[in-house]
Amino acid sequence: MDNKKGMNWFFAFIAFTLGLTLIKHIDFKNLTLKDPILDILYIIVFLISIYLIIKDLKKKADK
């Protein structure tokens, strides 16, 4: 029996929330961050969650 699972919604929710937060915190005119240390942590977690979503989708596509 084929085990069909959708996208990992947990990481998608995290990526969406952090993406919106980063858009609000980045000043695109001056290319500065509102709270640099916290925003760098947001960027790291955002990139990890995007990586895990893509890795999961590639693994499902190979099956």
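One structure accompanies this document, and this report is about it. On a predicted model such as this, the values are computed, not experimentally measured, just so you know. (Residues numbered from 1 in each chain as written. Predicted model: local features only at pLDDT ≥ 70, side-chain atom pairs only at ≥ 80, totals over all residues. Heavy atoms only, no water.)

**Some details on the overall build of the protein chain**
Phase 1 of the analysis: Helix and strand content of the protein chain: 2 helices and 2 strands.
Phase 2 of the analysis: Considering the protein chain as a whole, with its 63 residues, one finds that 16% of them fall into the buried category.
Phase 3 of the analysis: For the protein chain, the share of sequence-separated contacts (at least 6 apart) that also reach a separation of at least 24 residues comes to 62%.
Phase 4 of the analysis: Element-wise, carbon and sulfur atoms account for 69% of the exposed surface of the protein chain, whose accessible area totals about 5,500 Å². (Helix = DSSP H or I, 4+ residues; strand = E, 2+ residues; numbered from the N terminus. Buried < 20%, exposed > 50% of the residue type's maximum accessible area, 1.4 Å probe, protein only. Contact = heavy atoms within 4.5 Å. Areas by Shrake-Rupley, 256 points an atom, 1.4 Å probe, with all protein chains shown as cover.)

**Focus: the packing of aromatic side chains**
Phase 1 of the analysis: In the structure shown here, the tally under the stated rule is 1 aromatic pair.
Phase 2 of the analysis: Aromatic pair Phe10 and Phe11: ring centres 5.4 Å apart, planes at 65°, arrangement edge-to-face. (Phe/Tyr/Trp six-rings, centres within 6.5 Å; stacked < 30°, edge-to-face > 60°.)

**Description of the packing of helix α1 (residues 9-25) against helix α2 (residues 36-62)**
Helix-helix packing is described using two parameters, namely the angle between the two axes and the distance between the axes.
Phase 1 of the analysis: In the contact formed by α1 and α2, the axes pass within 9 Å of each other and the chain directions differ by 145°. Considering the relative orientation of α1 and α2, their crossing is left-handed. Packed against α1, whose contacting residues are Phe11, Ala12, Ile14, Ala15, Leu18, Gly19, Thr21, Leu22 and His25, the element α2 presents Asp39, Tyr42, Ile43, Val45, Phe46, Ser49, Ile50, Leu52 and Ile53 at the interface.
Phase 2 of the analysis: Looking at the contact of α1 with α2, its residues break down into 13 nonpolar, 4 polar and 1 charged. (Axes fitted to C-alpha atoms, helices over the stretch in contact; angles between N-to-C directions. Left-handed = near helix turned anticlockwise from the far one by under 90°. Nonpolar A, V, L, I, M, F, W, Y, C, P; charged D, E, K, R; others polar.)

**Structural notes on unusual backbone geometry**
Phase 1 of the analysis: Although it is not a glycine, Leu31 adopts a positive phi angle of roughly 55°.
Phase 2 of the analysis: Checked against the element boundaries, Leu31 lands in the loop between β1 (26-27) and β2 (32-33).
Phase 3 of the analysis: Classification of Leu31 as exposed rests on a relative accessible area of 69%.

**A closer look at a nonpolar patch on the surface**
Phase 1 of the analysis: Taken together, the side chains of Phe16, Leu20, Ile23, Phe28 and Leu31 define a hydrophobic patch exposed on the protein surface, amounting to about 590 Å² of accessible area.
Phase 2 of the analysis: Within the secondary structure, Ile23 sits in helix α1.
Phase 3 of the analysis: According to the relative accessible area criterion, Ile23 is exposed, its value standing at 54%. (Patch = residues over 30% accessible without salt bridge, like charges linked within 9 Å, V, L, I, M, F, W, Y side chains within 5 Å. Salt bridge = Lys/Arg side-chain N within 4 Å of Asp/Glu carboxyl O.)

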